[in-house]
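# Topology and contacts: notes
Letter by letter, the chains look like this.
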Amino acid sequence: MSKTMTEIRWHGRGGQGAKTACLLLADAAFASGKHVQGFPEYGPERMGAPITAYNRISDVPCTIHSNIYNPNYVVVVDESLLHAVDVTAGLDPEGAIVINSPREPEELRPLLRGYTGKVCTIDARKISEQYLGRYFPNTPMLAAIVKVSGVLEPDRFIADMEASFHHKFATKPQVIEGNMNCLIESMKEVRGV
Amino acid sequence: MSIRERLSGNEAIATAMRQIDPDVFAAFPITPSTEIPQYFAQYVADGKVGTEYVTVESEHSSMSTCIGAAAAGARAVTATSSAGLAFMYEVLYVAASSRLPITLACVNRTLTGPININNDHSDSMGARDAGWLQIYAENNQEAYDNYLQAMRISEHPSVRLPIMICQDGFITSHAVENILLEEDAAVKKFVGEYHPEHALVGRDRPLAVGPYDSCPYCMEHKVMQAEAMKNAKKVILDVAADFERTFGRKYGFFEEYRMEDAEVALVLIGSTAGTAKACIEKLRAQGVKAGLVKVRVFRPFPMEEIAQALKNVKAVAVMDKSEGYSGCGGPLFAETRSACYDLPDPPKMIDVVYGLAGRDCAVEDIEKVYRHLLKIVETGETGPRYIHFGQRSNQEEVL
Amino acid sequence: MSFQKAENINEQSPWQEMTPGGEIYEGGTSRLTKTGEWRSNRPVWDPQKCRQCLLCAPFCPDSSIPVKAGKRTDFDYDHCKGCGICWKVCPFAAITMEQEVHQ
């Protein structure tokens, strides 16, 4: 794998928006001039079932069309998956895992099957409920992985996302501000960086 | 000027369809191709196309609608996958034998048994003898570019055959990647308008399409159809050359990747080619002379050209992403091995059936295949010729 | 070859001189096939008994009862297959079926 490429694996549950967050990250990276891939685990969509999604972000075109087995970063959108899924499988110890949890990173490490790399947590539920009034963890998780991975320049990311939200939510502009606050707050609050 | 974008393979096809603005779209959903009619329905609702969007009750009906529309003189398109294509089986032959240039976006997915919705090539490979042109894509860019070329090939008076533009279900259909789109006007100009010589509607001269064809005539018509398939080879290259002049991206029957001095090579179709290219770069850095032939055009099959591409290779693994259940290899192997029969010194050749029903294939997997080929070259022993790869096993497998 | 006429295509035509998909570019080509040859029973029309009710003509599956100026004329024996439907529907026994003797 080329050093210019960052590989990210998302773990979530069907319906939580992990795939959407993965595609949003691809969008944001694309907007900043990168070559991107964003793709879900291939299969039927079943609410609540564990799902996986993947990003490749690179300065040069990437031709590989397989799942990602040795990611630089892992994002866990639902903490309960730590028991069910080997989320750190193949994860680069030089990289990091970002988990949606109100707990401190070191509290979760024992659940990570010996992973020695960096562990980060973000309370996406709290942030989402505070700014959106409902539990949509994907926006805070997106900001957290951008912050932790450094794959995108933060100010550019925020600006690109605002433009993207204006497009995506053209018919309901009232939610744009809440989503932007989610991003900004999440980048501030992510722990363990 | 090309437009830098990021789209999934399905969006890429739907975008090409919007730009072309066909006369009729016969729509029936089936994953993973469902998004194509879904995006297109939005274009219809938004008034971005003038297409007659016909929602039907089955794929048999969607292809039948295309047949009726094409016979009437319209440019007709549809999209499907897997069981949907299988359900069209009867009418696929009607479309081809009636010489109707219909464009079908096939998002490849396995055929059921046991139930599975993931990618392999068993759907379109099952229809390989139906008389349709078949062009396959490695990624969303190629799916888009192939679609832009499809109608000029299919509608050419010396061809007049329907065409399948295939891409790997989920792997490219649902993956968002960078893509270069072309301007709407440039696409319209390149594709051109469809003015068939004969049509049921809008002409003074009467026409009968699809008549009963008794024994003294029918074989002659099938020979004409076979001849049209041969004619398609020149048209495919002509259209590709014009595409390159117009948009700058080069296409042929297949892509040769690092084949100039290759000693071991893969022959395969679709998205795995990209993974194989990454593997080749890795192996080349270690001094391994590895190459790849990525088949783009499977129907008509470029037999002489493939043989030429492989004539100096020592060992070849054909990678079939579908089972032929022939007991001796998949369809791509049968064609490729046959192509090499007339070579004075043909390469040693094995078939690796892989990736069935969505089984993933990573760079490391491809490397195992190349390593196996190197062993064949070293020992001079081909060993088993028909190998399955990627399955769990309680015994030692060849790969 | 693009507007090849049906009369120029027959069982000796090479494939290069036929039409793609068996397309037919004109109407009324069934006239070219003398299906009367298939007939083993021959309908015979008696104009004396016929009241010109014209029931027979639309029943004929082979359009072999020509109607001119509102009146039927004699059978088109080039195309009548001798099915006997006209004989069956005629209310006036103006049609009889006889054994065909091909010359």
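What you see is a predicted model; the values in this text were computed from it and never measured.

The rules we used
Residues numbered from 1 in each chain as written. Chains lettered and ligands numbered in written order. Predicted model: local features only at pLDDT ≥ 70, side-chain atom pairs only at ≥ 80, totals over all residues. Pairing = 2+ DSSP bridges. Helix = DSSP H or I, 4+ residues; strand = E, 2+ residues; numbered from the N terminus. Axes fitted to C-alpha atoms, helices over the stretch in contact; angles between N-to-C directions. Contact = placed C-beta atoms within 7 Å. Nonpolar A, V, L, I, M, F, W, Y, C, P; charged D, E, K, R; others polar. Buried ≥ 20, exposed ≤ 12 C-beta atoms within 10 Å, placed from the backbone. Parallel < 35°, antiparallel > 145°, perpendicular 65-115°, else oblique. Left-handed = near helix turned anticlockwise from the far one by under 90°. Core = buried A, V, L, I, M, F, W, Y, C linked by C-beta atoms within 7 Å. Domains from an automatic or database assignment. pLDDT = per-residue confidence, 0-100.

In this section: the sheet that holds strand E10 (residues 264-268) of chain B. Residue and element names in this part refer to chain B. Here we have six strands laid out as an open sheet, ordered E9-E11-E10-E13-E14-E15, and mixed in their pairing. With partners counted over all chains shown, the strands left at the sheet margins are strand E9 (254-257) and strand E15 (386-389), one partner each. Averaged over all pairs of adjacent strands, the angle between their axes in this sheet comes to 20°, without regard to strand direction. When strand E13 (residues 315-320) meets strand E14 (residues 348-354), the two strands line up parallel, connected through six bridges. Bridge pairing links Val316 to Met349 in E14. Seen against the sheet, helix H11 (residues 303-310) touches E9, E10, strand E11 (290-295) and E13 and runs at an angle of roughly 170° to E11.

The next thing to look at is the sheet that holds strand E3 (residues 50-58) of chain A. Pairing is mixed across the open sheet formed by eight strands, whose spatial order is E6(A)-E5(A)-E4(A)-E1(A)-E3(A)-E2(A)-E8(B)-E1(B). Bordering the open sheet on either side are strand E6 (118-122) of chain A together with strand E1 (3-7) of chain B, each of which pairs with just one other strand. Strand-to-strand twist of the sheet, defined as the mean angle between neighbouring strand axes without regard to direction, takes the value 20°.

Facing the 19 residues of chain B at the interface are 12 residues of chain C. Its residues assigned to classes, the side of chain B that touches chain C comprises nine nonpolar, four polar and six charged.

Turning our attention to the environment of C:Lys81. Residue and element names in this part refer to chain C. The residue Lys81 is located in the loop between strand E3 (71-72) and helix H2 (85-89) in this model. A count of 17 C-beta atoms within 10 Å places Lys81 in the partly exposed class. It is 9.9 Å that separates the C-alpha atoms of Lys81 and Cys60, two residues lying 21 residues apart in sequence. If sequence neighbours within four positions are ignored, Lys81 has contacts with Thr35, Trp38, Arg39 and Asp62.

Next up on the list: the interface of chain A and chain B. Taken together, the contact between chain A and chain B spans 19 residues of the former and 23 residues of the latter. Breaking the side of chain A that touches chain B down by element, the ones donating at least two residues are helix H1 (18-31) and strand E2 (35-40) of chain A. Per element, the largest residue contribution to the side of chain A that touches chain B is six residues, and it comes from E2(A). Of the residues contributing to the side of chain A that touches chain B, the split by class is 10 nonpolar, eight polar and one charged.

What follows covers the packing of H1(A) against helix H5 (residues 138-149) of chain A. Residue and element names in this part refer to chain A. With their axes 9 Å apart at the nearest point, H1 and H5 run at an angle of 45° to one another. Our classification of the angle between H1 and H5 gives oblique. Handedness of the H1/H5 crossing: right-handed. Across the interface between the two elements, Ala18, Thr20, Ala21, Leu24 and Leu25 of H1 pack against Asn138, Met141, Leu142 and Ile145 of H5.

Let us now look at the nonpolar core. Formed by 182 residues in total, the largest nonpolar core has its most connected members in A:Ile97, A:Val98, A:Ile145 and B:Ile13. If one sorts the elements of this core by residue count, H1(A) sits on top with 10 residues. In terms of domain composition, this core takes at least three residues from each of domain 1 (3-247) and domain 2 (254-389) of chain B. Sequence-distant contacts of B:Ile13, defined by excluding residues within four places in its chain, comprise B:Ile36, B:Ala79, B:Ala105, B:Ala143, B:Tyr144 and B:Tyr147. C:Cys56, C:Ile65, C:Cys90 and C:Ile95 belong to the second-largest nonpolar core, a separate cluster that totals nine residues.

Time to look at the domain arrangement of chain C. Each domain of chain C was delimited in the assignment, giving domain 1 (1-31) and domain 2 (34-103). Averaged C-alpha coordinates put domain 1 of chain C and domain 2 of chain C at centres separated by 30 Å.

A word on the confidence of the model for chain C. Across chain C, the average pLDDT comes to 94, with 99% of residues at or above 70. ipTM for the predicted complex: 0.93, alongside a pTM of 0.94.

So, on to the packing of H5(A) against helix H7 (residues 176-189) of chain A. All names here are of chain A. Direction vectors running N to C along H5 and H7 enclose 40°, while the axes themselves pass 8 Å from each other. When the axis of H5 is compared with that of H7, the two are oblique. For the element pair H5 and H7, the recorded crossing hand is right-handed. Note on element contacts: H7 touches H5 through Asn179, Cys182, Leu183, Ser186 and Met187, opposite Thr139, Pro140, Ala143, Ala144 and Lys147. Each residue belonging to the contact of H5 with H7 can be placed in one class, and the counts come to six nonpolar, three polar and one charged.

For the rest of this paragraph, the subject is the environment of A:His65. Structurally, A:His65 is set in the loop between E3 and strand E4 (73-76). Excluding residues within four positions of it along the chain, A:His65 makes contact with B:Ile171, B:Thr172, B:Ser271, B:Thr272, B:Gly274 and B:Thr275.

What follows is about the pairing of strand E4 (residues 76-80) of chain B. All names here are of chain B. Among the five residues that make up E4, five are buried, leaving the element largely enclosed by the rest of the structure. Of the two faces of E4, both are covered, the one formed by Ala76, Thr78 and Thr80 as well as the one formed by Val77 and Ala79. Where strand E2 (residues 24-27) lies against E4, two bridges are found, and the strand directions are parallel. Counterpart to Phe25 in the pairing with E4 is Val77. Looking at chain direction, E4 and strand E5 (residues 103-108) are connected through four bridges and run parallel. Across the sheet, Ala79 pairs through a bridge with Ala105, a residue of E5.

Residue and element names in this part refer to chain B. Here Gly113 and Pro114 are connected by a cis peptide whose omega angle stands at -15°. For Pro114, the location among the structural elements is in the loop between E5 and helix H6 (122-126). Residues Arg299 and Pro300 are joined by a peptide bond in cis, for which omega reads 0°. Tracing the sequence through the fold places Pro300 in the loop between strand E12 (297-299) and H11. Even without a glycine there, the phi angle at Arg99 is positive, about 65°. Among the secondary structure elements, Arg99 is positioned in the loop between helix H5 (89-97) and E5. Note on Arg99: 26 C-beta atoms within 10 Å, which makes it buried. For Arg160, which is not glycine, the phi torsion reads 50° and is therefore positive. Note on placement: Arg160 falls in the loop between helix H7 (140-154) and strand E7 (163-168).

All names here are of chain B. All buried positions along helix H2 (residues 35-45) are accounted for by Glu35, Ile36, Pro37 and Phe40. Structurally, H2 contributes buried residues whose contacts are with helix H1 (9-20), E2, E4 and E5. Two residues or fewer after H2 comes Gly47, characterised by a positive phi angle close to 70°.

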